[in-house]
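Residue-level structure breakdown
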Amino acid sequence: MQTKLAYFLRNRVYAYFRRRMSSFNYNSCIDVSQEVSEALRSHSPVVALESTIISHGMPYPANLQTALQVEEVIRNQGAVPATIAVIKGRVKVGLDQEMLSEFASLKTPAVKTSRRDFPYVLSKGLNGGTTVAGTVIVSSAVGIKVFATGGLGGVHRGGEMTMDISADLTELGRNPVTVVSSGIKSILDIDRTLEYLETQGVCVVTYGQNKNFPSFYTPESGLEAPYNVETPAEAAALIEKLLQLRLNSGILLAVPIPEAEAMEGGEIEKAINTAVKEAEDHGIRGKEVTPFILNQVISLTGGRSLASNIALIKNNAKVGAQVALELARIQK
Ligand code: PSU
Ligand code: MN
């Protein structure tokens, strides 16, 4: 009898700690910084940030400056930023300034890391810039609900033939994480991307006055999202219901670039068309396609696209932090 009781109590204690651990750091490959793990434990607002944008999306030193500024935007709103990257084969959630500077300098090159890349990057002890997909996976593993970035991957133009569809879309379909982004670039097929997100069960919602899905450098793509919300509180309410229902799929909160920072539609469209053509002519394939096109667009627009890119990431970080704050408030 006594042993039965002892056995029962022991199991209850184990279950309790397993539950507690799983909510912040129960994974032998992941190191969560002290600041982030304390915030998660106390259910304070946390916003995840990706690192492919640092390793493959922007040139040095603009990448480092932007990464630091984006963290500051989140802190100024009262939330904790959690930049996610792989450093020497360890997944890091929350990088200190030294790690971030070292990572951004690319003295040690980083592998663009999506779901399929993790086993290799970790086993070889490499550095990895986590894509939206990679960052969603890690956020979900440690219990971060909100993640802010610039743009999402999608179905590439001609994707119906090449099957080049970003793993970002499938990961959003299978993790309860909300990605705050300015929609997707028109280097992609926006129409088919929205179809694919529907198939994956991702709740696509624009943030602002209308349902016009944003196309990154410009606030409107001309395509409609199914829903829109106008406040951080409304966005947080969506997340709360997603979690309560245990849907285990994600939300895409599409925030248009602020009007003052937007690019002229014709100019950006022309640069994108040229870049897509160049990618084809150079035979660029697979994971290289997106970084190649992004870099070409920066040089074709004389750097103007980079300035817009930085502005919209900061704006998304601000909205992401406000949503995380509201979510923390209603969950307390
Ligand atoms: N779109 C952008 N900027 C980016 C990316 C996409 O406007 O930096 C990056 C993100 O990290 C995204 C990844 O997750 O590219 C998608 O790559 P792919 O298309 O290979 O899945
Ligand atoms: Mn691809």
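Heads up: these notes are all about the structure in this document. (Residues numbered from 1 in each chain as written. Chains lettered and ligands numbered in written order. Predicted model: local features only at pLDDT ≥ 70, side-chain atom pairs only at ≥ 80, totals over all residues. Heavy atoms only, no water.)

**So, empty space enclosed by the protein**
- Within this structure, the stated rule accounts for one cavity of 30 Å³ or more.
- Quantified by volume, the largest cavity comes out at close to 120 Å³.
- Lining of the largest cavity is provided by 13 residues; of these, Glu 50, Ile 53, Ala 67, Val 70 and Ile 313 occupy positions nearest its centre.
- The set of elements that each furnish at least two residues to the lining of the largest cavity consists of helix 3 (52-57) and helix 4 (62-77).
- With four residues, helix 4 is the single largest residue contributor to the lining of the largest cavity.
- The class makeup of the residues in the lining of the largest cavity is eight nonpolar, four polar and one charged. (1 Å grid on protein atoms, 1.4 Å probe; cavity = no way out; pocket = protein on both sides within 12 Å on 5 of 7 lines; lining within 4 Å. Points joined across faces, edges and corners; volume = space filled by probe spheres on them. Helix = DSSP H or I, 4+ residues; strand = E, 2+ residues; numbered from the N terminus. Nonpolar A, V, L, I, M, F, W, Y, C, P; charged D, E, K, R; others polar.)

**Points about the layout of surface pockets**
- Reported here for the largest pocket is a volume of approximately 720 Å³.
- Lining the largest pocket are 34 residues, with Lys 112, Thr 131, Ser 166, Asp 168 and Thr 290 positioned closest to its centre.
- The dominant element in the lining of the largest pocket, judged by the number of residues it contributes, is helix 3, at four residues.
- Class assignment for the residues of the lining of the largest pocket results in 11 nonpolar, 14 polar and nine charged.
- Its boundaries defined by the atoms lining it, the second largest pocket holds a volume of some 430 Å³.
- Taken together, the elements giving at least two residues each to the lining of the second largest pocket come down to helix 7 (132-142) and helix 14 (304-331).
- Looking at which element gives the most residues to the lining of the second largest pocket, the answer is helix 14, with four residues.
- Residues belonging to the lining of the second largest pocket are distributed by class as follows: 11 nonpolar, eight polar and one charged.

**Quick look at the pairing of strand 6 (residues 127-130)**
- A two-sided burial pattern is seen for strand 6, the buried positions comprising Asn 127 and Gly 129 on one face and Gly 128 and Thr 130 on the other.
- Taken together, the two bridges between strand 3 (residues 80-87) and strand 6 define a ladder with antiparallel strand orientation. Across the sheet, Val 86 pairs through a bridge with Gly 128, a residue of strand 6.
- Pairing between strand 5 (residues 110-113) and strand 6: four bridges, direction parallel. Counted as the bridge partner of Ala 110 is Asn 127 from strand 6. (Buried < 20%, exposed > 50% of the residue type's maximum accessible area, 1.4 Å probe, protein only. Pairing = 2+ DSSP bridges.)

**Remarks on the site of ligand 1**
- Glu 50, Lys 112, Asp 168, Lys 185 and Thr 290 are the nearest of the 14 residues found near ligand 1.
- Protein coverage of the free-state accessible area of ligand 1, which is 470 Å², stands at 92%.
- Spatially, ligand 1 is embedded in the largest pocket.
- Those elements that provide at least two residues to the shell around ligand 1 are helix 3 and helix 13 (289-300).
- Of the residues in the shell around ligand 1, the class split is four nonpolar, six polar and four charged. (Near = heavy atom within 4 Å. Areas by Shrake-Rupley, 256 points an atom, 1.4 Å probe, with all protein chains shown as cover. Sits in = over half its atoms within 2 Å of the grid points.)

**So, the pairing of strand 9 (residues 203-207)**
- The element strand 9 is extensively covered by neighbouring structure, given that four of its five residues are classed as buried.
- Two strands pair when backbone bridges link them, and strand 9 and strand 11 (residues 251-254) are joined in this way by four bridges, in the parallel orientation. From the neighbouring strand, Val 205 faces strand 11, where its bridge partner is Leu 253.
- In terms of strand pairing, strand 9 meets strand 10 (residues 227-229) through three bridges, oriented parallel. Paired with Val 205 across the two strands is Tyr 227, which belongs to strand 10.

**Some details on the nonpolar core**
- Counting residues in each nonpolar core, the largest one holds 85 residues, and the members touching the most others are Val 36, Val 93, Ile 144, Phe 213, Leu 252, Leu 253 and Ile 293.
- The dominant element in this core, judged by the number of residues it contributes, is helix 14, at 10 residues.
- When neighbours within four sequence positions are excluded, Val 36 is seen to be in contact with Val 46, Val 80, Pro 81, Ala 82, Val 93, Gly 94 and Ile 144.
- Membership of the second largest hydrophobic core comes to 10 residues, among which are Ala 85, Ile 87, Ala 104 and Ala 110. (Core = buried A, V, L, I, M, F, W, Y, C linked by side-chain atoms within 4.5 Å. Contact = heavy atoms within 4.5 Å.)

**Quick notes on helix 11 (residues 232-244)**
- Between its terminal C-alpha atoms helix 11 stretches 18 Å, which fits the 18 Å expected from 13 residues at 1.5 Å a residue.
- Every buried residue of helix 11 is listed here: Pro 232, Ala 235, Ala 236, Ile 239, Glu 240 and Leu 242. Projected onto a plane normal to the axis of helix 11, the buried residues spread over an arc of 160° and lie on a single side.
- Contact partners of the buried residues in helix 11: strand 7 (146-148), strand 8 (178-181), strand 9, strand 10, strand 11 and helix 14. (Expected span 1.5 Å × (residues − 1). Arc of directions from axis to C-beta.)

**Section: unusual backbone geometry**
- Note the cis peptide between Tyr 60 and Pro 61, where omega equals 5°.
- With phi around 55°, His 43 is a residue other than glycine that occupies positive phi space.
- Within the secondary structure, His 43 is located in the loop between helix 2 (34-41) and strand 2 (46-49).
- For His 43, a relative accessible area of 52% corresponds to the exposed category.
- In this model, Phe 216 sits at a positive phi of 65°, which is unusual for a non-glycine residue.
- With respect to the secondary-structure elements, Phe 216 resides in the loop between strand 9 and strand 10.

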